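Tertiary structure, described
What follows is the residue order along each chain.
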Amino acid sequence: MPLTIWRSATVTGDCPVTNTYTLTAEQRDTFKRSGILRLDGLLPAQRVRHAREAVLRPLERLGLWQAGAWRLDAMPRPQWPDTGLKTSQVIGNRHPELAALVEDSALAAAVDALLEGHPYERPGPNRRPQVLFTLPNAQTWTVPSGWHSDRPRLASGQSAGVQLFAFLDVVEARGGGTLAIAGSHHLLNEGRAIRPSQFGRLLRPKPFFADLMVADTAADSLQRRADLLQRTGAVGNVQLQIVEMTGAPGDVWLMDLRVLHVGSPNAADRPRMMLTFRYERSDLLPEVASAFGWRRAAIPNSARNLA
Ligand SMILES: O=C(O)CCC(=O)C(=O)O
């Protein structure tokens with residue numbers, strides 16, 4: 001049976017930020033089951049607008065955004081997997097408007113609920129939200145093969161945290177939104193540390209992942225791979241379903257950091273503008289560092305006293 005990813009009408013528009021925001025038991029169950037939760041209209045419109053304007057300013061200097069409209073012919077159209085701009089250089093992430101968004105109190109309440117009160121790392125000079133920006137870069141949309149998770153599996157079986165995906169502008173289906181495999185956080189929890197670089201070798205033998213994780217270069221592969229979006233299935237008794245993150249300004253998706261995901265081509269006529277941030281559990285940073293095989297020197301300061 002396919003997993004249900006709940007939509008929820010929550011806090012909308014410019015209404016004052018509430019400290020009493022809570023997730024329902026159903027939403028918490030959905031997150032436990034599928035590893036991903038959509039919360040529509042969670043972020044206040046004004047804060048989202050300020051964040052969007054901060055992202056648009058450097059694009060305006062490049063001529064891509066002029067007089068309130070996209071001018072995409074200001075630069076050559078990229079071809080997937082080229083996303084067009086080096087986002088970290090052109091847009092950067094040192095915008096206070098972006099940090100303000102990921103510290104929103106309704107969002108913090110949702111993250112607290114999903115992390116069940118465990119402490120997590122706040123944004124700061126060494127931990128900033130990232131803009132996910134993709135110019136239109138595909139005539140034909142397709143499901144990519146680069147499925148990954150950004151954090152290792154931990155011997156303790158716990159999740160290292162929750163990742164935010166927030167919309168600064170409308171992202172429609174096939175418009176470059178991140179894809180995720182709901183349910184995949186239940187896989188590979190084997191009581192040992194497993195690095196993300198090992199996931200492919202372990203998952204490719206499973207029928208659900210066999211073609212999903214292999215680049216298909218045949219001439220007729222694009223349509224076949226586009227159809228993979230509909231894929232549902234199971235590994236053992238774990239139900240899996242591919243989910244495409246779409247949404248409007250202020251909508252967010254929260255994802256367990258174990259969930260497999262991938263960036264996708266943008267076959268729409270407007271750029272994809274999203275924001276991401278990882279709320280990493282402070283108490284698990286040492287275990288994450290050791291699962292990655294990082295030396296102690298690489299463990300973030302905030303985690304040292306927990307090691
Ligand atoms: O949507 C994307 O560009 C991919 C994002 C991603 O893989 C990540 O933030 O870990």
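Residues numbered from 1 in each chain as written. Predicted model: local features only at pLDDT ≥ 70, side-chain atom pairs only at ≥ 80, totals over all residues. Heavy atoms only, no water.

**Thoughts on the overall build of the chain**
When helices and strands are tallied, the chain shows 10 helices and 11 strands. Look at the contacts in the chain between residues 6 or more apart in sequence, and 84% of them connect residues 24 or more apart. Just so you have it, the chain exposes about 13,900 Å², and 49% of that area is on carbon and sulfur atoms. (Helix = DSSP H or I, 4+ residues; strand = E, 2+ residues; numbered from the N terminus. Contact = heavy atoms within 4.5 Å. Areas by Shrake-Rupley, 256 points an atom, 1.4 Å probe, with all protein chains shown as cover.)

**Brief notes about the environment of Val-243**
Among the structural elements, Val-243 can be located in strand β8 (residues 238-244). Along the sequence, Val-243 and Ala-180 sit 63 residues apart, while their C-alpha atoms lie 5.2 Å from each other.

**Brief notes about the pairing of strand β11 (residues 272-280)**
Among the nine residues of β11, eight are classified as buried, and the element is accordingly described as predominantly covered. Relative to β11, strand β4 (residues 130-134) runs antiparallel, the two sharing five bridges. Residue pairing in the sheet places Phe-133 in a bridge with Met-273 of β11. Looking at chain direction, strand β5 (residues 161-167) and β11 are connected through seven bridges and run antiparallel. (Buried < 20%, exposed > 50% of the residue type's maximum accessible area, 1.4 Å probe, protein only. Pairing = 2+ DSSP bridges.)

**Examining the site of the ligand**
Around the ligand, the neighbouring residues are His-148, Asp-150, Gln-163, Thr-178, His-261, Gly-263, Arg-272, Thr-276 and Arg-278. Within the side chain of Asp-150, one N or O atom sits 2.6 Å away from an oxygen atom of the ligand. In this structure, Arg-272 approaches the ligand through a side-chain N or O atom, which is 2.7 Å from an oxygen atom. Burial of the ligand by the surrounding chains reaches 85%, relative to a free accessible area of 290 Å². Considering every element that reaches the shell around the ligand, the biggest residue donor is β11, with three residues. Looking at the shell around the ligand, its residues break down into no nonpolar, six polar and three charged. (Near = heavy atom within 4 Å. Polar contact = N/O pair within 3.5 Å; in protein donor to acceptor, adjacent residues only side chain to side chain. Nonpolar A, V, L, I, M, F, W, Y, C, P; charged D, E, K, R; others polar.)

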